[in-house]
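Summary of the model geometry
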There are 2 protein chains.
Amino acid sequence: MPLPHEILFKTLADPTRRAIFERLCREGDQTVGALTAHAGISQPAVSKHLGVLKRAGLVKDRHEGRLTHYSAELGALDPLVGWAKEMTGFWQNRFDDLEDLLKRMDQ
Amino acid sequence: MPLPHEILFKTLADPTRRAIFERLCREGDQTVGALTAHAGISQPAVSKHLGVLKRAGLVKDRHEGRLTHYSAELGALDPLVGWAKEMTGFWQNRFDDLEDLLKRMDQ
DNA sequence: CAATTCAATAACTCGCTGGCTATGGGTTTA
DNA sequence: TAAACCCATAGCCAGCGAGTTATTGAATTG
């Protein structure tokens, strides 16, 4: 099983897929048909993207008769932000180490 | 010119490239040779990845004789975090709208 | 100056994936 | 129940990109 941020980066790297996700974030609940109408690609292509988004935990679906509604899954982006903070944190730690070193040299 | 987060997602989607960037964040300045020693791929492959990272603004290089040192560029991840916050923000706004609606209905 | 080392570029191969069309299963409508 | 509609799956194709080896340029070493 890959780390959480791994699948997120791969999934959100595709512009079309990210656009679908953004639309779900901005406008909330949407049917596949509505998403297809704005995506500029075929319905099967949209369905495939939604499948990928769902497997990444970025989206959840709701069945209502013959319609399928999709909505953005909240908090799914957390690992991504966490990873970014971790990276900048490493830098901060090195900065702290440098400060410690300078402090010790000062004595 | 693409949006800032666009290139970041594409660049960081590759595991090898992300590993190189993580190493630079964790351990700071590194030569191409040192990075190659830990990457498990050939030196040209590493150089190509470093080129991509550099064009994305995630990394900067420093020439010292025949060696080239690379280091992580701070703040390059900001647009990524910004985008994530924006997405969750949209959801928050919809939540606020719902609260407003309910408030208005209550009167 | 010859040999060696470091890194970048060139040229190529190959697997992955995002797009398509065709089809099928399930649901509503006439 | 026949027809139309919504969405998912299957199967196929083309382009991209990550890897390779070969080569070159530049800098250090002997």
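Above this note sits the structure.
Report follows, based on the coordinates. (Residues numbered from 1 in each chain as written. Chains lettered and ligands numbered in written order. Predicted model: local features only at pLDDT ≥ 70, side-chain atom pairs only at ≥ 80, totals over all residues. Heavy atoms only, no water.)

Moving on, we get to the interface of chain A and chain B. With 27 residues of chain A at the interface, the matching set in chain B holds 28 residues. Of the roughly 2,600 Å² buried at the junction of chain A and chain B (both faces included), carbon and sulfur atoms supply 71%. In terms of surface lost to chain B, no three residues of chain A exceed F9, R18 and L74 of chain A, which account for 20% of the buried area on that side. Run the count over chain A and chain B and you get 2 salt bridges. With a closest N to O distance of 2.5 Å, R18 of chain B and E6 of chain A form a salt bridge. The interface formed by chain A and chain B includes 4 residue pairs in polar contact (both at pLDDT 80 or more). (Contact = heavy atoms within 4.5 Å. Buried area = accessible area lost by both parts, 1.4 Å probe. Salt bridge = Lys/Arg side-chain N within 4 Å of Asp/Glu carboxyl O. Polar contact = N/O pair within 3.5 Å; in protein donor to acceptor, adjacent residues only side chain to side chain.)

Right, let's talk about the packing of helix 3 (residues 32-39) of chain B against helix 4 (residues 43-55) of chain B for a bit. Residues and elements named next belong to chain B. Between helix 3 and helix 4, the shortest axis-to-axis distance is 9 Å and the interhelical angle comes to 110 degrees. Put simply, helix 3 runs roughly perpendicular to helix 4. Where helix 3 crosses over helix 4, the two elements pack in a sense that is right-handed. Contacts between helix 3 and helix 4 involve V32, L35, T36 and A39 on the former and, on the latter, Q43, V46, S47 and L50. Grouping the constituent residues of the contact of helix 3 with helix 4 by class yields 5 nonpolar, 3 polar and no charged. (Axes fitted to C-alpha atoms, helices over the stretch in contact; angles between N-to-C directions. Helix = DSSP H or I, 4+ residues; strand = E, 2+ residues; numbered from the N terminus. Parallel < 35°, antiparallel > 145°, perpendicular 65-115°, else oblique. Left-handed = near helix turned anticlockwise from the far one by under 90°. Nonpolar A, V, L, I, M, F, W, Y, C, P; charged D, E, K, R; others polar.)

Successive side chains on a regular strand alternate, one facing one side of the sheet and the next facing the other. Residue and element names in this part refer to chain B. Of the strand pairs in this sheet, strand 2 (residues 59-64) and strand 3 (residues 67-72) are connected by 6 bridges, and their pairing is antiparallel. Opposite D61, over in strand 3, you have Y70 as the bridge partner. Linking strand 2 to strand 3, which pair antiparallel, is a turn of 2 residues; within it G65 sits at a positive phi near 65 degrees. (Pairing = 2+ DSSP bridges.)

With that settled, the discussion passes to the protein's contact with DNA strand D. Residues in contact with DNA strand D amount to 21 residues; listed here are only the nearest, S47 and Y70 of chain A together with S42, K48 and H49 of chain B. The contact atoms of DNA strand D, taken as those within 4 Å of the protein, divide so that sugar and phosphate hold 63%. One nitrogen or oxygen atom from the side chain of R66 of chain A is found 3.0 Å from a base oxygen belonging to DNA strand D. Taken together, the elements giving at least two residues each to the surface near DNA strand D come down to helix 3 (32-39), helix 4 (43-55) and strand 3 (67-72) of chain A together with helix 2 (15-27) and helix 4 of chain B. Ranked by residue count, the leading element in the surface near DNA strand D is helix 4 of chain B, at 4 residues. A class-by-class count of the residues in the surface near DNA strand D yields 7 nonpolar, 9 polar and 5 charged. (Near = heavy atom within 4 Å.)

To continue, consider the packing of aromatic side chains. In the structure shown here, the tally under the stated rule is 5 aromatic pairs over all chains. Note on W83 of chain A and F21 of chain B: the rings are 6.2 Å apart at their centroids and 40 degrees apart in plane angle, and the pair reads as tilted. A residue pair is termed interchain when its members come from two chains, as with W83 of chain A in helix 5 (residues 78-106) and F21 of chain B in helix 2. For the pair W83 of chain A and F21 of chain B, one class covers both residues: buried. What links up through ring pairs into an aromatic cluster is the set F9, F21 and W83 of chain A together with F9, F21 and W83 of chain B. (Phe/Tyr/Trp six-rings, centres within 6.5 Å; stacked < 30°, edge-to-face > 60°. Buried < 20%, exposed > 50% of the residue type's maximum accessible area, 1.4 Å probe, protein only.)

The next thing to look at is the sheet that holds strand 3 of chain A. Residues and elements named next belong to chain A. Taken together, 3 strands build an open sheet; the order of strands is 1-3-2 and the sheet is antiparallel. The two strands at the open ends of the sheet, each matched to only one other strand, are strand 1 (30-31) and strand 2 (59-64). Here 2 bridges tie strand 1 to strand 3, and the two strands are oriented antiparallel to one another. Bridge pairing in strand 3 links T31 to H69.

Right, let's talk about the nonpolar core for a bit. Within the largest apolar cluster, 50 residues are counted, with the highest numbers of intra-cluster contacts made by F21 and L58 of chain A together with F21 and L58 of chain B. Those residues in contact with F21 of chain A that lie beyond four places of it in its chain are L12, L53, L58, V59, A72 and L77 of chain A together with W83 and M87 of chain B. (Core = buried A, V, L, I, M, F, W, Y, C linked by side-chain atoms within 4.5 Å.)

Let us look at the sheet that holds strand 1 (residues 30-31) of chain B. All names here are of chain B. The 3 strands are arranged 1-3-2 in an open sheet whose pairing can be described as antiparallel. Looking at which strands have only one partner, the edges of the open sheet turn out to be strand 1 and strand 2. Set on the sheet, helix 2 makes contact with strand 1, strand 2 and strand 3; between it and strand 3 the angle comes to about 85 degrees.

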